[in-house]
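Examining the three-dimensional arrangement
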There are 2 protein chains.
Amino acid sequence: AASGDPLPGRRSVDFPVAAVLPAGGCGERAGIATPKQFCAFLNRPLLSYTIEAFERVAWIEHIVVVVAKENLHQMMDIIQQFSHKKVTVVLGGSTRHRSIFKGLEAFREQSDGVTLRKPEVVIIHDAVRPFVDEDFLLKITVAAKDQGASGAVRPLVSTVIATTSEGYLDHSLERARYRASEMPQGFLYDIIYRAYQQCCETDFEFGTECLHLASHYCGTKAKLIEGPPTLWKVTYKQDLFAAEGIIKDMLSHNGCVVAGGCAPSVQLACELQKTLEARSMQVDVISGPPGSRAVLVSGTWNFIHIAVDSSCLDDMAKLVKTFQDSKHAVLYPVVLILVHLNLQPQCSVTERMRALGAIRSLATEAKHGNILLYGILLSRDKALEQWDESMENVAQIIAALVKDRNPGLVGQLLVA
Amino acid sequence: AASGDPLPGRRSVDFPVAAVLPAGGCGERAGIATPKQFCAFLNRPLLSYTIEAFERVAWIEHIVVVVAKENLHQMMDIIQQFSHKKVTVVLGGSTRHRSIFKGLEAFREQSDGVTLRKPEVVIIHDAVRPFVDEDFLLKITVAAKDQGASGAVRPLVSTVIATTSEGYLDHSLERARYRASEMPQGFLYDIIYRAYQQCCETDFEFGTECLHLASHYCGTKAKLIEGPPTLWKVTYKQDLFAAEGIIKDMLSHNGCVVAGGCAPSVQLACELQKTLEARSMQVDVISGPPGSRAVLVSGTWNFIHIAVDSSCLDDMAKLVKTFQDSKHAVLYPVVLILVHLNLQPQCSVTERMRALGAIRSLATEAKHGNILLYGILLSRDKALEQWDESMENVAQIIAALVKDRNPGLVGQLLVA
Ligand SMILES: [Mg+2]
Ligand SMILES: [Mg+2]
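Numbers given for residues are sequential positions, taken from 1 along each chain in its written order. Working convention: letters from A go to chains and numbers from 1 go to ligands, in the order in which they are written. Residues qualify for local features only when their pLDDT is at least 70, as the model is predicted, and side-chain atom pairs are given and counted only at 80 or more; totals for whole chains, interfaces and linings, by contrast, use all residues. The side-chain values count all of the structure's non-hydrogen atoms but skip hydrogen atoms and water molecules.

Re the interface of chain B and chain A
Two residues form a contact once any of their heavy atoms are found within 4.5 Å. In this assembly, 71 residues from chain B lie in contact with 71 residues from chain A. Here's the idea: put two parts together, see how much 1.4 Å probe accessible area each one loses, and the total over both is what we call buried area. Both faces combined, the contact of chain B with chain A buries some 6100 Å², and carbon together with sulfur accounts for 54% of it. When the buried surface of chain B facing chain A is broken down by residue, Y168, L169 and Q238 of chain B rank first, second and third, together holding 10% of it. For this analysis, a salt bridge means a side-chain nitrogen from Lys or Arg found within 4 Å of a carboxyl oxygen belonging to Asp or Glu. With a shortest N-O distance of 3.2 Å, D249 of chain B and K237 of chain A are connected by a salt bridge.

Overview of unusual backbone geometry
For residues besides glycine, phi is generally negative; the peptide bonds are generally trans as well. A cis amide bond links M183 of chain A with the next residue in sequence, P184 of chain A, at an omega value of 5°. A run of DSSP states H or I qualifies as a helix once it reaches four residues; a run of E qualifies as a strand once it reaches two. Both are numbered from the N-terminal end. Its place among the elements puts P184 of chain A in strand β10 (residues 178–188). A positive phi angle, close to 65°, is found at N43 of chain A, a residue other than glycine. Tracing the backbone through its elements, the reader meets N43 of chain A in the loop between β2 (40–41) and β3 (44–45). Despite not being glycine, S83 of chain B has its phi angle at roughly 55°, a positive value. The rule is simple: take the accessible area with a 1.4 Å probe, protein chains only, and divide by the maximum for that residue type; under 20% is buried, over 50% is exposed, in between is partly exposed. Taking the relative accessible area as the measure of exposure, S83 of chain B reaches 24% and is therefore partly exposed.

Looking at the sheet that holds strand β17 (residues 413–415) of chain B
All names here are of chain B. One bridge is not enough; two strands pair if DSSP finds at least two bridges between them. Strand order in the open sheet formed by six strands is β13-β12-β14-β15-β16-β17, and the pairing between neighbours is parallel. At either end of the open sheet lies a strand with only one pairing partner, and these are β13 (282–287) and β17. Taking the axes of each pair of neighbouring strands and ignoring which way they run, one obtains an average angle of 25° across the sheet. Contacts from helix α9 (residues 263–278) reach β12 (254–259), β13, β14 (302–308), β15 (334–342) and β16 (371–379), with the element oriented near 145° to β14. Note on geometry: axes are C-alpha line fits, over the in-contact stretch for helices, and angles between N-to-C directions span 0 to 180 degrees. Most of the contacts of helix α12 (residues 384–404) go to β16, to which it runs at about 170°, and overall it touches β14, β15, β16 and β17.

What about the domain arrangement of chain A?
Residue and element names in this part refer to chain A. We note that the domain assignment places domain 1 (17–236) and domain 2 (252–415) within chain A. Where each domain begins and ends is defined by an automated method or by a domain database. A straight line from the C-alpha centre of domain 1 to that of domain 2 covers 42 Å. Of the roughly 650 Å² buried at the junction of domain 1 and domain 2 (both faces included), carbon and sulfur atoms supply 55%. The tally of links from domain 1 across to domain 2 stands at zero salt bridges.

Some details on the packing of helix α9 (residues 263–278) of chain A against helix α12 (residues 384–404) of chain A
Residues and elements named next belong to chain A. Relative to each other, α9 and α12 sit at 65°, their axes nearing to 10 Å. With respect to each other, α9 and α12 are oriented roughly perpendicular. Of the two possible hands of crossing, α9 and α12 adopt the one that is right-handed. Counted together, L268, E271, L272, T275 and L276 of α9 and W387, M391, E392, V394, A395 and I398 of α12 form the full contact between these two elements. When its residues are assigned to classes, the contact of α9 with α12 shows eight nonpolar, one polar and two charged. In this scheme, roughly parallel covers angles under 35 degrees and roughly antiparallel covers those over 145, while 65 to 115 is roughly perpendicular and the rest are oblique. Here a crossing is taken to be left-handed if its near helix is turned anticlockwise relative to the far helix by less than a right angle, and right-handed if that turn runs clockwise. Three residue categories are used. Nonpolar comprises Ala, Val, Leu, Ile, Met, Phe, Trp, Tyr, Cys and Pro, charged comprises Asp, Glu, Lys and Arg, and polar comprises the others, including Gly.

Listed below in structure tokens is the structure:
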């Protein structure tokens, strides 16, 4: 729900809000050459997932991304490739605090006359925390508006200990009294900007905590809000695996079965829906003219297209074109599975080889548009219990393809 | 290298060492019903991966796993299914410290007369940190032997803040002065046992830090050792994705190509090796009689079996049997890929359907033994540049199968 239509009891945001995402870090901690915000999974850099999380919130006007000079080109490419609309790119400074300050200055009048509207509340968030949701952003924003500053906190996962200079235990902190300070944090723009204007070189050089600046220079004590575990910071290689796992899992929970007009196709669609739902996949069945844009409203990135005999490949090509035209696959790879129901067993071998050739060339083309096309062959010449087994096999293959989204297997014709 | 053969400059362990793994937690933090140590990926519970990390260290004699009563059966099943040899199971108490104390008591004389040899150094480690390696265990053990206590630490990822009782920022800690206390920790057995004997109900009920007990009750200040990021604690659902990603990545870096006796097979094996190594996969080529146990010394879980024409399926069945007999697939699923080189194009369609039927029934049987069997069909009737493209396709398909290890696609015959 956008800001115009708040949920009952939910505060609406009727003041300007913007976000600043420092993305200038050099990633040395991840043990990989690429700064982690630019590491990609499912063909997209982490940073773009974070931008998307802010872009889909209707009441956030501008997203200022602060990058190092050497990443500027890459950043402009990302904006173009993933059609980001609300982003302004700003060059960072030599430390985190200098970069955030530069991000905040994007809302002051510029020498070139271009100015972003000054927000009342500004949200500061790390480019490497892609899973922040609208509800939490709302909480942070409302608390910042009311209290001047707000920040996400989490319970400490480990005990925190103070060490002696020789590397021995000095003492351990009482875990319950402390919290980990995470992101996002929210501020009245005027407060955090004033804090940065006043802070000293030591803060700029060694500081890490925006809440501390607001407290120290403006006397504003932040309201702390407990955030979900998904706010964690993608720091190490294993965190990239975790982020990829979350996205793949999120994409695999629902699907849309597109049935052709004929009776066997519609019947199979309904059977498949039942079998997939028994595996906890939420499935819509739609049946419309080939290539209809009706498929796009389903809110899924998984499509199962049912085709009977050889009618299918033209329809499939139309469906691929629909996705290409709609940009539905820009943010996430679309999985498109052709389930080819073969009613005439005697021509199955020849049919199959022909279908394979056609599906491979279509798959190669589709892959350029981030559409992953696979085929499944299902024969009707079966006794009833074998048919049930085949349906289970189809569901198992679909679940496997949807879960892994592996581009290395596109164009294959699998057998159920 | 085991303790009998230490690396130059490496301390050898000539005293008894044991480990205690508290695994009694109830996992409410993971947001999933199963306690996280019992959550499985690649068909194996997390806890078993952690046990394996200790079991493969030759100088660790005993591993005491402390579980809640309701998980006792499951624990015994895990020991049997994954052939764990050094494990003694002990029932836990109502808190972490009570459980660890019960684990330590396993080394005292028991009423039933069964006693594990008392270790000089005991390592305490969380069941949900599966990626600890022998080198780090050695550092912890040697430091514990020399200093009485030792523990892994990591830099703080987030700023730690103290909160007011109303939920506002009180102050933030200076990050550089503190560390996160992680596991493993090592102790002279007599010291940590004495600390537990003396500690009070408040410690047992609310304490979390073994280092604190050794310090408070025995005056032993632990030596702190900086550990790698992979020591992190699997706590949330995203951490399970991370753990699965690490294991799958680790399994995908090398492979073994098994060539049949004939010249085209050996030639293809060498071409494949080159193409896969260009994709950073380390590949051995071996050629021996079908079903030879020579494949088992390769130290990989990925096998590519090359077969020419129809000779292949018997050999493949022998290879499957070799893996079944050797228990090579007990800990990790073995990926077995049959690359079927078809020299006679004119019979390819029929051949292919026959091969498909045979491969599917063999795959179904192999899957019960944790062996994932897939087929790739490669035809020779090609111009040279098409052949190069086919080799790239084979490599791409192999990389995809090895990376995902998806059991939903076994028995499929893919086309390169
Ligand atoms: Mg900060
Ligand atoms: Mg502890």
